[in-house]
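Examining the three-dimensional arrangement
Here is what each chain is made of, one letter per residue.
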Amino acid sequence: HEAAEAVAFPSARSAITACLLALGSGPGDEVLATGFTCAAVAEGIMASGAKPVWVDVDPARFAMSPEALELAVTPRSRAVLVQHTFGLSGDLRAIEAVARRRGLRIIGDAALAVGSQGGGAPLVNFGDAAVVSFELSKTISAGWGGLAQTNDAAMAAGLRRVRDGAGRLGRARAASRLAQAGFSKAVYSPGLLRYAGYPAAALFRARCFRDSSSHTSPSQEGRGAAAVRPYMAAQAGAHWAVLESQLSRMDVVLASHRVAAERYTAVLAGHGAGAWLGWRDAGTVMIRYPLVARDRGRMAAWFGARGIELGRWFDYAISPAPVDPAACNYV
């Protein structure tokens, strides 16, 4: 999406860490982040040594509130991490205006927003740098992996220094990840994915496959500069060849997501359920179709009785719910 530089990492969370390290972020710094997110964001920030500070969201769009961002800035604030949850964008112009006025660098979290636009531009182009995920549950998947892209030459140089300092994965670890990437290449297409989901789930339960957090969590790798270890190590070249083949399917995959969202809306309307229609914004491509309910259990039972399967995704402010929210500075 027209970025001058892109640097590959094992995951989007490690790309977040790399962006912050490239900015010189570390202990004592604060990173302002969207207060409705996943644990990967908290881990990515904390691995740099910085502390996450959570900014409230606009409940209609699950996006960072510019007014809440203004109130959250302190002298220790170093950067703002703007997540485009469900592929939706917030008021990006207002967020950018606050950040520039307060001297904050912007990192866009486009892990859920590949193919989506906001303000007439691709969301992956928002900010001084943006991170993308290619994990199995994302729009385009290579089984593993993420990247950071930027148009800032100094930022790109910093990202390369971080990545090069981590070296490459050992052969055993690289082979394990490549096997999962190969599976992804074989099944990750709109025609096959609906049938492959259950075999994939069985392989995860048997621990033949791992989700990205199993191998790319910084929890065992240290913090700050000490995190530049396997958490950041580059994938094998064959892994990125898988990704290249997936990117060639991009238009087909995005069209499939749009059609699916239209069908969900029609089915829900036919059952008399009021669907949340924020995704209808021009340019939005959703990889999950969110529903808001007062009673989640009752909603699941209602849909289940009609043969409609729901999934629990982002069902806590930091999902999955951390054992100790205070460890993520979520109090």
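Here, the structure is the one placed above.
Residues numbered from 1 in each chain as written. Predicted model: local features only at pLDDT ≥ 70, side-chain atom pairs only at ≥ 80, totals over all residues. Heavy atoms only, no water.

Right, let's talk about the overall build of the protein for a bit. Per the secondary structure count, the protein includes eleven helices and 13 strands. The buried share among the 331 residues of the protein stands at 49%. Counting contacts in the protein only where the partners sit at least 6 residues apart, residues at least 24 apart contribute 70% of the total. (Helix = DSSP H or I, 4+ residues; strand = E, 2+ residues; numbered from the N terminus. Buried < 20%, exposed > 50% of the residue type's maximum accessible area, 1.4 Å probe, protein only. Contact = heavy atoms within 4.5 Å.)

This part covers the packing of aromatic side chains. By the definition in use, this model includes six aromatic pairs. Aromatic side chains W54 and Y330 sit 5.8 Å apart centroid to centroid with 45° between the ring planes, which places their arrangement in the tilted category. Highlighted residues: W54 in strand β4 (residues 51-55) and Y330 in the segment after β13 (318-319), separated in sequence by 276 residues. The buried category is assigned to W54, whose relative accessible area is 15%. In this structure an aromatic cluster arises from ring pairing among F36, F62 and F86. (Phe/Tyr/Trp six-rings, centres within 6.5 Å; stacked < 30°, edge-to-face > 60°.)

Looking now at the side chain of Q83. Structurally, the position occupied by Q83 is in strand β7 (residues 77-83). At 3.3 Å, the side chain of Q83 forms a polar contact with the backbone oxygen of F36. Apart from residues lying up to four places away in sequence, Q83 is in contact with T34, F36, T37, C38, V41, D109, L112 and F314. (Polar contact = N/O pair within 3.5 Å; in protein donor to acceptor, adjacent residues only side chain to side chain.)

Right, let's talk about the nonpolar core for a bit. Membership of the largest hydrophobic core comes to 34 residues, with the highest contact counts inside it found for L32, L69, V80, V82 and F134. Every element with two or more residues in this core is listed here: β4, α3 (66-72), β7, α4 (92-101), α9 (237-247) and α10 (250-270). Per-element accounting of this core gives the leading share, four residues, to α4. In contact with L69, not counting residues within four places along its chain, are L32, V55, M64, V80, I95 and V98. Ranked by size, the runner-up nonpolar core spans 32 residues in total, among them F9, M155, Y231 and M232. (Core = buried A, V, L, I, M, F, W, Y, C linked by side-chain atoms within 4.5 Å.)

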